[in-house]
Amino acid sequence: MDVKYIKNGKLNSKEILEVFKSVGWNKEEDNIIEAFKNSYYITAYVNDKLVGFSRAISDNHYYTGVYDVIVMPEYQKNGIGKNMMNIILDEFKGTYFFLTYTEGKREFYEKCGFKDNDNSMWIPR
Ligand SMILES: CC(C)(COP(=O)(O)OP(=O)(O)OC[C@H]1O[C@@H](n2cnc3c(N)ncnc32)[C@H](O)[C@@H]1OP(=O)(O)O)[C@@H](O)C(=O)NCCC(=O)NCCS
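Residues numbered from 1 in each chain as written. Predicted model: local features only at pLDDT ≥ 70, side-chain atom pairs only at ≥ 80, totals over all residues. Heavy atoms only, no water.

Asks: Honestly, the overall build of the protein in this entry has me stumped. Any pointers?
Replies: When its secondary structure is counted, the protein shows four helices and five strands. Listing the helices and strands of the protein from first to last along the sequence gives β-α-α-β-β-β-α-β-α. Taken over the C-alpha trace, the protein has a radius of gyration of 14 Å; the compact-globule value for 125 residues is 14 Å, and the two agree within 12%. If you line up the protein on its principal axes, its C-alpha atoms span 40 × 30 × 30 Å. The buried share of the protein, taken over its 125 residues, is 35%. Taking the contacts inside the protein whose residues are at least 6 apart along the sequence as the reference set, 59% of them involve residues at least 24 apart. Surface accessibility of the protein: about 8700 Å² in total, with carbon and sulfur atoms responsible for 47%. Looking at the protein, you have 17 positive and 18 negative side-chain charges, and the mean spots of the two groups are 2 Å apart. (Helix = DSSP H or I, 4+ residues; strand = E, 2+ residues; numbered from the N terminus. Rg over C-alpha atoms; globule rule 2.2 N^0.38 Å. Buried < 20%, exposed > 50% of the residue type's maximum accessible area, 1.4 Å probe, protein only. Contact = heavy atoms within 4.5 Å. Areas by Shrake-Rupley, 256 points an atom, 1.4 Å probe, with all protein chains shown as cover. Lys, Arg positive; Asp, Glu negative; His and termini not counted. Charge placed at Lys NZ, Arg CZ, Asp CG, Glu CD.)

What follows is the structure, encoded as structure tokens:
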């Protein structure tokens, strides 16, 4: 599959929301576009169609958080998720990477190099 990966490219809110919807996640248009703009993000295209994305927030020196790693169901298991993650890992290499994962996704992140960390906490909103 010929996949094009773009860093911090042009954002089309309708396309972004469609990708979220394809995996059952609903986001508010204004908030999610602002969130992307405040992040470093990768978008993945097949034949000019947005099929996935991933975003990260980093201080560029110590810590990087990874969020919203999504590939449309019909494009999954083609290495797109891992490729997007590798671009982020390379961009911010040398920092600690953190994320939270949804049920059933632990193995995917393990394959991207993540390990369990018993010492992390969060405040859910
Ligand atoms: C998780 C997700 C991004 C993975 O994307 P993907 O493009 O299908 O993943 P890849 O094809 O790059 O997979 C990389 C490796 O992880 C494995 N993998 C992918 N999804 C997996 C899963 N759910 N369970 C176990 N292994 C998985 C692949 O088999 C592959 O293994 P390999 O390197 O040994 O061949 C995708 O399933 C998705 O968008 N899910 C819905 C949204 C979501 O829950 N995102 C994560 C939020 S925490």
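Moving on from the model shown.
Asks: Looking at this structure, how should I read the site of the ligand?
Replies: If you check the shell around the ligand, you find 21 residues, and the closest are Val-69, Val-71, Lys-77, Gly-79 and Lys-82. Within the side chain of Gln-76, a nitrogen or oxygen atom sits 3.4 Å from an oxygen atom of the ligand. Taken together, the elements giving at least two residues each to the shell around the ligand come down to strand E4 (63-71), helix H3 (80-91) and helix H4 (106-111). It is H4 that contributes the most residues to the shell around the ligand, four residues altogether. Residue composition of the shell around the ligand, grouped by class: nine nonpolar, seven polar and five charged. (Near = heavy atom within 4 Å. Polar contact = N/O pair within 3.5 Å; in protein donor to acceptor, adjacent residues only side chain to side chain. Nonpolar A, V, L, I, M, F, W, Y, C, P; charged D, E, K, R; others polar.)

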